[in-house]
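Here are the chains, one letter per residue:
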Protein chains: 2
Amino acid sequence: MFHIGRLSTVDLEEEITPEESLDYDNSENQLFLEEERRMSHMGFRCLEITRWVICGLIGFLTGLIACMIDIAVEKLAGYKYLAVKQNIEKYTELGGLSISLILWAVLNSAFVMLGSLAVAFLEPIAAGSGIPQIKCFLNGVKIPRVVRLKTLVIKVFGVICSVAGGLAVGKEGPMIHSGAVVAAGVSQGRSTSLKKDFKIFEYFRRDTEKRDFVSAGAAAGVSAAFGAPVGGVLFSLEEGASFWNQLLTWRIFFASMVSTFTLNFFLSIYHGKPGQLSSPGLINFGRFDSDSVQYNLYEIPLFIIMGALGGVLGALFNIINYWLTIFRIRYIHRPCLQVMEAMLVAAVTATVSFAMIYFSNDCQPLGQDNTEEYPLQLFCADGEYNSMATAFFNTPERSVRSLFHNPPGTYNPVTLGVFTLAYFALAVWTYGLTVSAGVFIPSLLIGAAWGRLFGILLSFIIWADPGKYALIGAAAQLGGIVRMTLSLTVILVEATGNVTYGFPIMLVLMTAKIVGDYFIEGLYDVHIKLQSVPFLHWDAPPTSHWLTAREVMSSPVTCFNRVEKVGRIVDVLSNTSTNHNVLIKSKTCLASSRLSQRKLQLKDFRDAYPRFPPIQSIHVSQDERECMMDLTEFMNPTPYTVPQETSLPRVFKLFRALGLRHLVVVDNENRVVGLVTRKDLARYHVGKDGLEELHLAQT
Amino acid sequence: MFHIGRLSTVDLEEEITPEESLDYDNSENQLFLEEERRMSHMGFRCLEITRWVICGLIGFLTGLIACMIDIAVEKLAGYKYLAVKQNIEKYTELGGLSISLILWAVLNSAFVMLGSLAVAFLEPIAAGSGIPQIKCFLNGVKIPRVVRLKTLVIKVFGVICSVAGGLAVGKEGPMIHSGAVVAAGVSQGRSTSLKKDFKIFEYFRRDTEKRDFVSAGAAAGVSAAFGAPVGGVLFSLEEGASFWNQLLTWRIFFASMVSTFTLNFFLSIYHGKPGQLSSPGLINFGRFDSDSVQYNLYEIPLFIIMGALGGVLGALFNIINYWLTIFRIRYIHRPCLQVMEAMLVAAVTATVSFAMIYFSNDCQPLGQDNTEEYPLQLFCADGEYNSMATAFFNTPERSVRSLFHNPPGTYNPVTLGVFTLAYFALAVWTYGLTVSAGVFIPSLLIGAAWGRLFGILLSFIIWADPGKYALIGAAAQLGGIVRMTLSLTVILVEATGNVTYGFPIMLVLMTAKIVGDYFIEGLYDVHIKLQSVPFLHWDAPPTSHWLTAREVMSSPVTCFNRVEKVGRIVDVLSNTSTNHNVLIKSKTCLASSRLSQRKLQLKDFRDAYPRFPPIQSIHVSQDERECMMDLTEFMNPTPYTVPQETSLPRVFKLFRALGLRHLVVVDNENRVVGLVTRKDLARYHVGKDGLEELHLAQT
């Protein structure tokens, strides 16, 4: 019996099994090899240049989208705050501020309703920040519709609505998803949503190349969001890469840089100062001056304490959000309910904000420099403004910046304490709503608030710059929630424009991660786990040396011979949903065109990629069923194999390092005895009492 | 016939073949698996904590060494310059400055002689920057004695001597090597040079773990040298990693951060300002103020032009150095000749410097702030100093800083032009001498000089801050010489303490790399190639799909059975030097202890790692030769295999991604037909006319 490998990288059952696996290993079948061998050295060089061009395009488009979101949000939020402010000013003396509250709440809800409607009814995958989905994609889990143009449009529209609607969300997370969609679209030279195929870049129509470009897109997204090109590259690598390749990294970096630059350039034009390239990202933390950024040795233990606090608060955030998400999965799964919840949150956010502004009597003198864009006088004396309003009556980005940079004494400790609590509750409630929105900025805002509070309290004992502690608090809180490490350090360093804080930020993130991991995983991992997708971590669980390939593999496996009867192929493929382990998950377009006596070419696969027609769509007559079909051309004659005694960590390493989709298990005589798939490996994890088996979504 | 895998990761012939391969894949033999299976979950956690502790130690020690080097160089150079300065001042009016020249030249030569003697006679591997060696180590090429304590001592001593001796070298490159040695030593818990085994960290005595720690050490070295912890991590990854693992990266980052912090802390004590953590690295580029760092759109084409110029000049540097190195290999291979060459270079450097100071009449008024530490009045008026002297009469680090930060008008264009030419020639000549020294700082200095010149010339047309152009020029020149990409961008950004220049620096490095690569490879790659070590690049050559495993593999292979006669084992092992392909390169300690009827344990392997006694050292009697020996326990029952039709890129990918040492090629019935080793893969590269076969050093 011949040992037959895989035919191709993608299979037919997308609609049947929602989560399939991507294959980041090229299937070196005869057709592929023939093409590669035909190509000259010059051809490869052209391909390489094309890759650079595509990365440049990805960066450019991502930067443009970021610019669009930024301007749209600024305009809309500006109009909204102006309207509410005028209304409040009108009624402050007249009495009847409840009208202002209603106006505010209605405006917020209206914005959020629009965004939520689009997400809930048109493209539910566009909900949330999209970072878990991109993590899964880069890991190799196939989630349908995640990189389609339609998703991008809804995402962009949704994020504009939810930020303008005053929710406790940021516009940064969705940028990462947007960048990834742009990358997938541009690199494949077509759009499924538009049903348009530009017939370009056809060489890149396979999972390996697509993954590389999507990494670049995600990096470009981070880069545009935070003005952090290096952070973007590290984000892509930390979340997705399995193999580090200098050229690839350099290309990703290029995409990131172009994206920052594009955003920078267009924003400089928008702000009327063309050519002044000094506002690199969507979020601008403002520049920390060289003099105020010094830190001293005795502050390091304080930073560590703040990191631990951030870890605890982050874990609390994740735990509450976890229960909330479970509640949502159980009870709020109808789209109209989801929209209503989003609107409710918007109204509550407005009410809470209003109440807090109303009841706080924390008046501050107006600064000379008018750093506040919408200073609310409310019940304050002339020339003063309400400081709670700067925190609530603003987009979250601006609030973060005020917390970092306003001079000591701007905020009252009680104001900050109450604000932290209120915003924490709102942010927990908001993440997971059916709107597109990110969690970065709310986390930073919560952290900046309690960090500044910490700094103020500290300044009763020793002198402390509250802005610095706000930054450290923001890092601690964000680290406690998302648990990113190196990339987050670099993102924060780049966003503050100053490397001096590198060491404290690293310490804080490290402490936050260690403390937080003790309680629960990071927010993204929690959400990935809730979707029970077969996500592969970096290593096999350490205590899994007991397990061998024989125990983890799926068997029995249905094999085809090199030359096989059409009838059998059709039968087996028709039954894939019940029969799990077909070694050759053949594509039906293969069978169909073969039946029509036309020679199947690589182009046919590429035109269909990544959605191949199901076998059921093809009628095979009784005569045709008796024909023989030669599969040699389409099979991978040299798949990676492991003996059945191989230990799980070894199988895992091979699988993860090469980004495989399935790994063939053979016996001593090289006969196929089983197949290890992503699900077989993702099942095992380390629990409280050692190795545990997870229950993953059944395919 | 059974298919028998490898026994262990390291083999006996270190002394016979100078360049062997490291095995970054754990050999999962029975002994190893038994140990892993015995370990509890808690045990793995303890190991993980131990790894963190070791990384902390590595960072700490590396920082300490950097601190020591810094202080020693500063002191020695200080005394030297003071003596020469006093001498010059004495003779300026008396006449007889030739005495000063002789004093200077003699002092320089004396320092360099000491350093060169140590390197040439005690440990030749400590010559140069050590970066090519570390690159090779991380790539998997085993170079003897590269990570020994003795090498470290000589390296540190050598670098102090050569920098104090006024050569055109930097102390930064050797820090990377030093960090790597520290890492290898600490993580193995013993020193071969001291013949001392602390019996700790024995679990980490294998290539995989050692490599991870060495990555951390190299990163810590970069971090200490440039105050660039993120850059250090990226350097390690760019040069060495094949598989990105979040935990590992985070640990490497920790080592880097600790190293910067340690250096920072001790230097702050040394400078009498304990706790002021503001001088992060060995080199301190000084802080660029936020106002002066703005760049404008129209400057970008200028930056690109400078990048191209840097690429051309870098390529020129590499080409000249390449010929020089070939000349050295042919004619200057005796240690005493090497020492004499180094002394000659030192004397010439002093003479050239002196001549240029003497003949330049570029006087500048002394600044109020006394930024110059040794202002030389020479023939200038009172209250003025000779500006050429600031460039030459200083350690290169200080000269770079002056070029970056001195106010416009400090330097005369002619001075800069002559200086660039002279220093370029000296630096080319110096790199490759038998002294320990780095090429980073000289490159930066050359670049800063012509960059500043460029800026000055530009300011005749438009206003331009020459300091900014000095920075861009430095980046361009360094990029043109070493061709590093992402990591260099980050290192430079971190060293300048300002992220605003990220985009221009990236553009410049990219241009410099593209232009430079057109002419010749990077300096490190040139030197790696000259040593003809089997260095594996990121990917297989693109046009190599024609080749299959059958064509590249080495064959025939000598196989052992599971149970084999001792006589045959001894015979085969004794002949390994002539018979290349023994599948089981058994270690002799194995045979020896087995013969003495003691059960061989994992500990025996670890005690001997990485240098196992040769088979020749064991006497086997005729009776013993007839005994049978069971190899089951020591073999890897599940090695990675590939079918013989596998294409070269596929073999390459598996080999590179998993860091293998040899890959077994099997036929359809799973019989061993050949073995692919590192050398088999490294042979192929893309030349001018397509695929070429290299001739590598014969083993």
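Residues numbered from 1 in each chain as written. Chains lettered and ligands numbered in written order. Predicted model: local features only at pLDDT ≥ 70, side-chain atom pairs only at ≥ 80, totals over all residues. Heavy atoms only, no water.

Novice: Would you explain the interface of chain B and chain A in this entry?
Specialist: Often, the extent of an interface is quoted as the loss of accessible area on bringing the components together. On the chain A side, the residues contacting the 87 residues of chain B number 86 residues. Summed over both sides, the interface of chain B with chain A buries roughly 8,000 Å², with 66% coming from carbon and sulfur. Seen at the junction of chain B and chain A, the total is zero salt bridges. Among the elements that make up the side of chain B that touches chain A, the one with the highest residue count is helix H9 (residues 246-270) of chain B (nine residues). Taken together, the residues of the side of chain B that touches chain A sort by class into 41 nonpolar, 29 polar and 17 charged. (Contact = heavy atoms within 4.5 Å. Buried area = accessible area lost by both parts, 1.4 Å probe. Salt bridge = Lys/Arg side-chain N within 4 Å of Asp/Glu carboxyl O. Helix = DSSP H or I, 4+ residues; strand = E, 2+ residues; numbered from the N terminus. Nonpolar A, V, L, I, M, F, W, Y, C, P; charged D, E, K, R; others polar.)

Novice: So what exactly am I meant to see when it comes to the pairing of strand E10 (residues 662-666) of chain B here?
Specialist: Put simply, side chains in a regular strand alternate between the two faces of the sheet. Residue and element names in this part refer to chain B. For E10, the tally of buried residues reaches five of five residues, placing the bulk of the element in the interior. Taking every second residue as pointing to the same face, both faces of E10 are buried, with His662, Val664 and Val666 on one and Leu663 and Val665 on the other. Both strand E9 (residues 641-643) and E10 contribute to a ladder of three bridges, which runs parallel. The partner of Pro643 across the bridge, within E10, is Val666. As paired elements, E10 and strand E11 (residues 672-677) share five bridges and run antiparallel to each other. Its bridge partner lying in E11, Val665 is registered against Gly674. Two successive antiparallel strands, E10 and E11, enclose a turn made up of five residues, where Asn670 displays a positive phi of approximately 65°. (Buried < 20%, exposed > 50% of the residue type's maximum accessible area, 1.4 Å probe, protein only. Pairing = 2+ DSSP bridges.)

Novice: Quick question: what am I supposed to make of the relation of the copies chain B and chain A here?
Specialist: The two chain copies are connected by a rotation around an axis plus a translation along it. Note on the identical chains: chain B maps onto chain A by a rotation of 180° and an axial translation of 0.0 Å, with an RMSD of 0.1 Å. One copy is carried onto the other by what is essentially a two-fold rotation axis. A symmetric contact is evident, with 99% of the interface residues of chain B recurring at the interface of chain A. (Least-squares fit on C-alpha atoms with pLDDT ≥ 70 in both.)

Novice: Help me understand the packing of aromatic side chains in this model?
Specialist: Summed over the entire model, instances satisfying the criterion amount to 30 aromatic pairs over all chains. Taken together, a centroid distance of 5.9 Å and an interplanar angle of 50° make the contact between Phe303 of chain A and Tyr469 of chain A tilted. Of this pair, Phe303 of chain A sits in helix H10 (residues 299-331) while Tyr469 of chain A sits in helix H16 (residues 466-482), placing them 166 residues apart in sequence. When sorted by exposure, Phe303 of chain A lands in the same class as Tyr469 of chain A, which is buried. The interplanar angle of 25° and the centroid separation of 5.3 Å between the aromatic rings of Phe419 of chain B and Tyr423 of chain B together place this pair among those described as stacked. Placement of both Phe419 of chain B and Tyr423 of chain B in helix H14 (residues 413-430) is noted, with a separation of four residues, approximately one turn of the helix. With a relative accessible area of 5%, Tyr423 of chain B lands in the buried category. (Phe/Tyr/Trp six-rings, centres within 6.5 Å; stacked < 30°, edge-to-face > 60°.)

Novice: Where do I start with the sheet that holds strand E11 (residues 672-677) of chain A in this structure?
Specialist: Pairing between the strands of a sheet comes from backbone hydrogen bonds, and it takes one of two forms, parallel or antiparallel. Residue and element names in this part refer to chain A. Read across the sheet, three strands follow the order E9-E10-E11 without closing on themselves; strand pairing throughout is mixed. Two strands in the sheet have a free side with no partner beyond their single neighbour: strand E9 (641-643) and E11. Taken pair by pair, the neighbouring strands of this sheet meet at an average axis angle of 35°, ignoring direction. Contacting E9, strand E10 (662-666) and E11, helix H25 (residues 648-658) runs over the sheet at an angle of about 140° to E10. (Axes fitted to C-alpha atoms, helices over the stretch in contact; angles between N-to-C directions.)

Novice: I would appreciate a short explanation of unusual backbone geometry in the present structure.
Specialist: Outside of glycine, negative phi angles account for most residues, and trans bonds account for most peptide bonds. Positive phi values are uncommon outside glycine, yet Arg145 of chain A reaches one of about 65°. Relative to the helices and strands, Arg145 of chain A is located in the loop between strand E2 (141-142) and helix H5 (149-164). Overall, the relative accessible area of 35% leaves Arg145 of chain A in the partly exposed class. Unlike most non-glycine residues, Arg483 of chain B shows phi in positive territory, near 60°. Within the element layout of this structure, Arg483 of chain B appears in the loop between helix H16 (466-482) and helix H17 (486-496). Judged by its relative accessible area of 4%, Arg483 of chain B falls in the buried class.

Novice: Please clarify how the packing of helix H2 (residues 41-94) of chain A against helix H3 (residues 97-122) of chain A should be interpreted in this entry.
Specialist: Residue and element names in this part refer to chain A. Running from N to C, H2 and H3 cross one another at 165°; their axes reach a closest spacing of 8 Å. Comparing their axes, H3 and H2 come out roughly antiparallel. Handedness of the H2/H3 crossing: right-handed. On H3, the residues that touch Leu76, Lys80, Tyr81, Ala83, Val84, Asn87, Ile88, Tyr91 and Thr92 of H2 are Leu97, Ile99, Ser100, Leu103, Trp104, Leu107, Asn108 and Phe111. (Parallel < 35°, antiparallel > 145°, perpendicular 65-115°, else oblique. Left-handed = near helix turned anticlockwise from the far one by under 90°.)

Novice: Explain helix H19 (residues 523-530) of chain B here, please?
Specialist: An α-helical turn contains 3.6 residues, so any two residues separated by three or four positions project in the same direction. Residues and elements named next belong to chain B. Buried residues dominate H19, accounting for six of its eight residues. Taken together, the buried positions of H19 are occupied by Leu523, Tyr524, Asp525, Val526, His527 and Ile528. Packing partners of the buried residues in H19 comprise helix H4 (131-139), helix H10 (299-331), helix H15 (440-458) and H16. After H19 finishes, the residue Ser532 shows a positive phi value of roughly 35°.

Novice: Is there a simple way to think about the nonpolar core in this case?
Specialist: If you look at the biggest cluster of nonpolar residues, it comprises 312 residues, and the most contacted ones within it are Phe317 and Met506 of chain A together with Phe317 and Met506 of chain B. Leave out the neighbours within four places in its chain, and Met506 of chain A touches Thr489 of chain A together with Trp250, Phe253, Phe254 and Met257 of chain B. Among the nonpolar cores identified, the runner-up in size contains 44 residues, and Ala540 and Phe655 of chain A together with Met553 and Ala682 of chain B belong to it. (Core = buried A, V, L, I, M, F, W, Y, C linked by side-chain atoms within 4.5 Å.)

Novice: Any chance you could explain the confidence of the model for chain A here in plain terms?
Specialist: Residues and elements named next belong to chain A. Looking at chain A as a whole, its pLDDT mean stands at 80, while 83% of the residues score no less than 70. Per-element confidence in chain A is highest for H10, whose mean pLDDT is 92, and lowest for helix H22 (residues 588-595), whose mean pLDDT is 41. Across residues 1-19 the pLDDT falls below 50, and counting only partners more than four positions away or on other chains, this stretch makes 81 contacts in the model. Overall fold confidence (pTM) sits at 0.88, and the ipTM for the predicted complex is 0.86. (pLDDT = per-residue confidence, 0-100.)

Novice: Which parts of the structure should I look at to understand the sheet that holds E10 of chain B?
Specialist: All names here are of chain B. Across the sheet, three strands lie side by side as E9-E10-E11; this open sheet has mixed pairing. Looking along the sheet, the strands with just one partner apiece sit at the ends: E9 and E11. Strand after strand, the sheet turns through a mean of 35° between neighbouring axes, direction not considered. Against the sheet, helix H25 (residues 648-658) engages E9, E10 and E11, with an angle of about 140° to E10.

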